[in-house]
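Geometric and topological summary
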Amino acid sequence: MATFLYKVGRLAFRRRHYVALLWIALLTLAGVGAASAPAAGASSFSVPGTEAQKAFDLLEQRFPGMSADGATARVVFKAPAGEKLDTGANRATVEKTVKDLGDGSEVVSVADPFKGKAVSKDGTIAYASVKYKVSGMELKDASKDALKETAQQARASGLTVEVGGDALTATPETGSTEIIGIAIAAVVLVITFGSLLAAGFPLLTALIGVGIGVSTITALASALDLGTTTSTLAMMIGLAVGIDYALFIVSRYRAELAEGREREDAAGRAVGTAGSAVVFAGLTVVIALVGLAVVNIPMLTKMGVAAAGTVAIAVLIALTLIPALLGYGGKKIKPTGQKSKLLGGGRAASAEKASRPNMGTRWASFVVRRPLAVLLLGVIGLGAAAIPAASLELGLPDDGSQPTSTTQRRAYDLLSDGFGAGFNGPLMVVVDAKDSKTPKADVTTVTDKIKALKDVSTVTPATFNKDGDTATITVVPDSKPSSVTTEDLVHGIRDAGTRIKTDTDSTVLVTGTTAMNIDVSQKLNDALIPYLILVVGLAFLLLIVVFRSILVPLKAALGFLLSVMAALGAVVAVFQWGWLSGLMGVEETGPVMSMMPIFMVGVVFGLAMDYEVFLVTRIREAHVHGEKPSQAIVTGFKHSARVVTAAAVIMIAVFSGFISSSESMIKMIGFGLAIAVFFDAFVVRMAIVPAVLALLGKRAWWLPKWLNRILPNVDVEGEGLRKLDSKDTDPDEDRELVRA
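Residues numbered from 1 in each chain as written. Predicted model: local features only at pLDDT ≥ 70, side-chain atom pairs only at ≥ 80, totals over all residues. Heavy atoms only, no water.

**With respect to the sheet that holds strand S3 (residues 125–132)**
Strand order in this open sheet of four strands is S2-S3-S1-S4, and the pairing throughout is antiparallel. Of all strands in the sheet, those with a lone pairing partner are strand S2 (107–111) and strand S4 (160–164), marking the two edges. Going across the sheet, the axis of each strand differs from the next one's by a mean of 20 degrees, ignoring polarity. Inspection of the sheet shows strand S1 (residues 72–78) paired to S4 by five bridges, in the antiparallel sense. Bridge assignment links Phe 77 to a residue of S4, and that residue is Val 161. Its contacts with the sheet place helix H5 (residues 141–155) against S1, S3 and S4, and it is angled at close to 160 degrees to S4. (Pairing = 2+ DSSP bridges. Helix = DSSP H or I, 4+ residues; strand = E, 2+ residues; numbered from the N terminus. Axes fitted to C-alpha atoms, helices over the stretch in contact; angles between N-to-C directions. Contact = heavy atoms within 4.5 Å.)

This is the structure we're talking about:
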């Protein structure tokens, strides 16, 4: 592979005009496709196989037009101090607001609080329920704006009016956080390369790759039902790996120049060596993202596949466009140890400074001398950070986790004050009595069973469909939606339904937003182990091919698991226990978002393997070329520690930008990914990895002879390039590559 990529790099360097035009054409084509494609709404959300989804599907059949999974909004009214809502002008304002709420084209129904007994006992708080035809993720912006405007008009009369429910579900906005991350990345790249031009190449190529990926997703969104949220993960990961991969190749190019190679040959060798690492690092990321299909949540699968496509584009750009841009840069791209005129006068480093070991060399030398102490300190430290993960509670965020500055949170609090904590998370019990001879009696039995359960505040009378074979019962718990008590109630109703199914011919299903959140959390939790086995297993096999070793891939996988557990422990400590919550801006502690563990596994595993492949391939390269194991570790760190550090700092900066978000879910993702990258890059890869390699010595590269014979030789470390020399190439080499 190294020889093939060497030729690709030289071809792209020499034919840079054609390569640049090709990528510009692809970017233009994708942009035109995105601009001309029909606008796509949010992707439809479904969770196949869950009881809540089965109930929604049943309601669609038995209650046509009910829009069981449609968005809901609760417009909550509170009378001024000393007044009540059911008198005079206050009542008139509420009734006018209810009338205005029903004018929207997507509105199915609006329940008048005075007719529906939706007024608190003291008469000061009431709510109007608005039902929509589509889910909150599919609701048009015009409908959301009309809802907000109607509430604002009601406030003008002197009432306190707040809006809750999933109708105000906001599509994640991107822009400012990416700009902050790109700005920090630019600073780190300039410091790393000592050149504005060299620093600009990774940023430029990453933006081109993300532009092509996101534009392609936008162009196909309507046809493939990708939705507006699908590109979010693709943008985040595409930007991250795009900068990383380009950084690796530009850094290797400058190192080759420092060894005295001609620029075209240096570009070829950079792509042949660092490019080989990029290819396999990219494959591990793709495996991790495509593996999200194991969860069997269509929206998550689409997000993973779309992001994987963007990563593939980032790999291709790094292998072709980067050497082309290096050709344009010419002599302005300085060898390692030199800076541009703007940043350092273009002067070479002094002899004294050039002979001084760099930070990577000094650190690796220290670890090689004290491997056991470093290993124990790293493992114990990460183990201590992982302890809170034993108390991990999973759930999905609701309005109660929103900041107190939002109308959703204020509506949530008003409803809790007026009607009880569980009122914000009602459960819908569906009784399918189609095969029963006594449907009404069965429904009465179900109602009585539910009333006898703990944590039940209210059970409304059953509502039958036209055929009289299906009924819905609304159950209001005593406790808040995200509590363990409410989850126990859902399981209690389902257990009772199982017993009823045995005694009768009726089926009992529990659904609603709260039940759906519980089912999604359970589904994600159940999928975590299979996902880990699939992703880590496939990557383990891939790394065996790359490193031609059993112990090195095993060490990589175990180190990753340790860093992820430590990161999950940190997330639990901050967002569930409340440690440093004030510093992080966490206003409400509660269960950790159920998607967090599997999301962290997928994203962090890909990024961690980037650092692992780039760092260890440098070590193996030195070992293959004749250095002793301990010296190879020092040599590998000498050439790659600075680059890996820069890549990690960039990723931490990008992810940390999301911590400032007002959305608790985005804040949690930003913190979790940032701390995970910190643990993995600086503790696992920079400390534990060299310590383990030092302790293992030559045994680290052991591979059974029978396995060595059957494994393909991908030559990631560039051993084949030693046979090549720039004088042996000829102008017809690119034509030979094309014919191949």
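**A closer look at the environment of Ile 212**
As for its position among the elements, Ile 212 is in helix H7 (residues 196–224). Sequence spacing of Ile 212 and Ile 313 is 101 residues, and the spatial spacing of their C-alpha atoms is 8.0 Å. In this structure, Ile 212 is in contact with Trp 23, Leu 26, Leu 27, Ala 30 and Ile 313, ignoring residues within four places of it in sequence.

**Overview of the pairing of strand S9 (residues 470–477)**
S9 sits mainly inside the fold: seven of its eight residues count as buried. Alignment of strand S6 (residues 427–432) against S9, held across six bridges, turns out to be antiparallel. Its bridge partner lying in S9, Asp 432 is registered against Thr 470. Direction of pairing for strand S7 (residues 456–459) relative to S9: antiparallel, over a ladder of three bridges. Counterpart to Val 456 in the pairing with S9 is Pro 477. Two elements, strand S8 (residues 463–464) and S9, share two bridges in a ladder whose sense is antiparallel. By the bridge assignment for S9, Phe 464 is matched with Ala 471. (Buried < 20%, exposed > 50% of the residue type's maximum accessible area, 1.4 Å probe, protein only.)

**Side note on the environment of Thr 472**
As for its placement among the helices and strands, Thr 472 is situated in strand S9. Considering only alpha carbons, one finds Thr 472 and Val 510, 38 residues apart in sequence, at a separation of 9.6 Å. With residues near it in sequence (within four places) discarded, Thr 472 still touches Leu 59, Phe 63, Met 428, Val 429, Val 430, Pro 461, Ala 462 and Thr 463.

**Digging into unusual backbone geometry**
Here the phi dihedral of Asn 296 falls at roughly 65 degrees; this positive angle occurs in a residue that is not glycine. Structurally, Asn 296 is set in the loop between helix H9 (263–290) and helix H10 (298–329). The class of Asn 296 is partly exposed, set by a relative accessible area of 40%. A positive phi angle is found at Arg 548, which is not glycine, with a value near 50 degrees. Relative to the assigned elements, Arg 548 resides in the loop between helix H18 (513–547) and helix H19 (551–576). Looking at Arg 548, the relative accessible area reads 12%, which means it is buried.

**A look at a nonpolar patch on the surface**
Together, Val 294, Leu 534, Leu 538 and Leu 541 make up an exposed nonpolar region whose accessible area comes to about 310 Å². Structurally, Leu 534 is set in helix H18. Take Leu 534: its relative accessible area is 32%, and that puts it in the partly exposed class. (Patch = residues over 30% accessible without salt bridge, like charges linked within 9 Å, V, L, I, M, F, W, Y side chains within 5 Å. Areas by Shrake-Rupley, 256 points an atom, 1.4 Å probe, with all protein chains shown as cover. Salt bridge = Lys/Arg side-chain N within 4 Å of Asp/Glu carboxyl O.)

**Observations concerning the pattern of salt bridges**
A full pass over the atoms with the stated rule returns 18 salt bridges. With a shortest N-O distance of 2.9 Å, Asp 100 and Lys 96 are connected by a salt bridge. Of the two residues, Asp 100 and Lys 96 are both situated in helix H4 (residues 88–101); the distance of four residues between them amounts to about one turn of the helix. Residue class for Asp 100 comes out partly exposed when judged on its relative accessible area of 22%. A salt bridge links Arg 269 to Asp 265; the shortest N-O distance between them is 3.0 Å.

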